[in-house]
Amino acid sequence: MRLASFALTTLLLLTACRGTEPPYSPGQEPLVEDLLAAATPHLHSIQVPRAKVRQAGGPAANLMMLAEHPDRFAGTIQISGNELVSLAVNEESYGLRWIGRGDAGLDPGYYTGPPSRCAVEALLGVDLEPEAFVDLVLGGAPIIDAPHELVDRHWDRKHARELLTIANGRFEQQLEFSWSGGRWLFAGSSLWRLDGASKTWLWTISHTSLHEVGGEMLPRKTEIRQPKAKGRGELVIEVSYEKQIANPSFGQLGVDPPKPGEPKNAGDQWRDSDDEGGWDDEGGWDDDEGGSDTSDDSNPEPEPEPEPGIPEQFLGKPQGLTPRGDLGSRHAGGEGRGSRRGRRPASA
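Residues numbered from 1 in each chain as written. Predicted model: local features only at pLDDT ≥ 70, side-chain atom pairs only at ≥ 80, totals over all residues. Heavy atoms only, no water.

> If you had to explain unusual backbone geometry to someone new, which residues and values would you point to?
For the bond from histidine 69 to proline 70, the omega torsion is 5°, close enough to zero to count as cis. By secondary structure assignment, the location of proline 70 is in the loop between strand S2 (61–68) and strand S3 (72–79). In the segment running from alanine 146 into proline 147, the intervening peptide bond is cis, with an omega of 0°. Structurally, proline 147 can be placed in the loop between helix H4 (130–137) and strand S7 (149–156). The backbone phi angle of alanine 160 is positive, close to 55°, even though this residue is not glycine. Checked against the element boundaries, alanine 160 lands in the loop between S7 and strand S8 (161–167). By relative accessible area, which is 23% here, alanine 160 ends up partly exposed. In this model, asparagine 247 sits at a positive phi of 55°, which is unusual for a non-glycine residue. When its relative accessible area of 36% is taken as the criterion, asparagine 247 is described as partly exposed. (Helix = DSSP H or I, 4+ residues; strand = E, 2+ residues; numbered from the N terminus. Buried < 20%, exposed > 50% of the residue type's maximum accessible area, 1.4 Å probe, protein only.)

> An account of the nonpolar core is requested, with residue identities and associated values reported.
Phe73, Ile77, Leu87 and Phe133 are the most contacted members of the largest nonpolar core, which has 62 residues in total. Looking at this core element by element, the count peaks at 5 residues for helix H3 (residues 117–124). Once residues lying within four places of it in the same chain are set aside, the contact partners of phenylalanine 73 are Met65, Leu66, Ala67, Leu87, Ala88, Val89, Leu123, Phe133, Val134, Val137 and Phe314. Counting 6 residues, the second-largest nonpolar core is a separate cluster that includes Leu66, Ala74, Phe250 and Leu315. (Core = buried A, V, L, I, M, F, W, Y, C linked by side-chain atoms within 4.5 Å. Contact = heavy atoms within 4.5 Å.)

> Any details on the pattern of salt bridges? Residues and values, ideally.
Per the counting criterion, the structure on display carries 10 salt bridges. Notably, a salt bridge pairs arginine 117 with glutamate 129, separated by 2.7 Å at the nearest N-O pair. Taken together, the positions of arginine 117 in helix H3 and glutamate 129 in the loop between H3 and H4 put the pair 12 residues apart, joining distant regions of the chain. Residue class for arginine 117 comes out buried when judged on its relative accessible area of 6%. The residue lysine 221 makes a salt bridge to glutamate 238 at a minimum N-O spacing of 3.8 Å. Of this pair, lysine 221 sits in strand S12 (residues 216–227) while glutamate 238 sits in strand S13 (residues 234–246), placing them 17 residues apart in sequence. A residue is classified by how much of its surface remains accessible, and lysine 221, at 30% relative accessible area, is partly exposed. Exposure remark for glutamate 238: the relative accessible area of 23% places this residue in the partly exposed category. Here the residues in one salt-bridge network are Glu68, Arg72 and Glu91, joined through shared partners. (Salt bridge = Lys/Arg side-chain N within 4 Å of Asp/Glu carboxyl O.)

> Describe empty space enclosed by the protein, listing the residues and the values that go with them.
With a probe scaled to a water molecule rolled over the atoms, the places where space remains empty come into view. Going through the model one piece at a time under the given rule, you end up with 3 cavities of 30 Å³ or more. What the largest cavity holds in volume is close to 90 Å³. Going through the elements one at a time, H4, S12 and S13 are the ones with two or more residues in the lining of the largest cavity. Counting residues per element, the lining of the largest cavity draws most heavily on H4, at 3 residues. Here the residues of the lining of the largest cavity sort into 8 nonpolar, 2 polar and no charged. (1 Å grid on protein atoms, 1.4 Å probe; cavity = no way out; pocket = protein on both sides within 12 Å on 5 of 7 lines; lining within 4 Å. Points joined across faces, edges and corners; volume = space filled by probe spheres on them. Nonpolar A, V, L, I, M, F, W, Y, C, P; charged D, E, K, R; others polar.)

Shape is all these values report; function is a separate question.
In structure tokens:
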């Protein structure tokens, strides 16, 4: 019995060491063009009525978001059922409602301007251009600008991932793909800035526990890691999706027709009727600290007129907040952190 147990244990250890075999025969590796095509968004739109976002192992907050190809996004984070920060981005502008305290370097109020990576970073701490962030939310990857040079490609047996590394002279990027349902799916990426013979790590994105939603494969969890300022460790952001709706239609004015038995305004609600909202009990601010800044009611920001073809969910809502102008250019140069311009698959 002991000998049989030892043999079984040895076999399991050897299998674990060998890892997972690739889903293709030797010499039949996927083409670079096919992998890059798999990194393009496979959804037109998505609605996430319920998600949890956690930063650096802290308490989890409620996150709700919408996205529509190619460059529309809206999200809000709540604390104890109260709005903390909301962001709406479209092809013309962004609108950021910041109701938090000033310890993040922002005064409470309403910020607006051209589409800005600063606005995306203010919501989730993710240093990506709005278009690249929408690509990520819709199942694609933020890819460095073309033309690309193939640096490396191999199968990672330990993690069962196909790894593709490309570079464009300024940045090097590694893309991860998983094989599921007879096709390649984007599963993660890391980006480095090149400086001569050295390179500096900028961020890593990982999708885990891919599952089917409405005929599409979506992650149950996304982890984003990036270095903290002045090289003091890593900033880790975890987003756990509790409910996802693939390819919803937001409509011309952003209100879907109500279903039978629903009230007429059911289509323009952020949350489902069974979503209680609020932060987890283990942390967060007190309820009386989450109110809107209304110190400038004598000169309120005018309500924006809906732009033709832009659903109202993707328009900023300045009501009740002090106008603060544009967040400004906080990142010099912005190329390479995930711009969709020139991102279509190029021949290696």
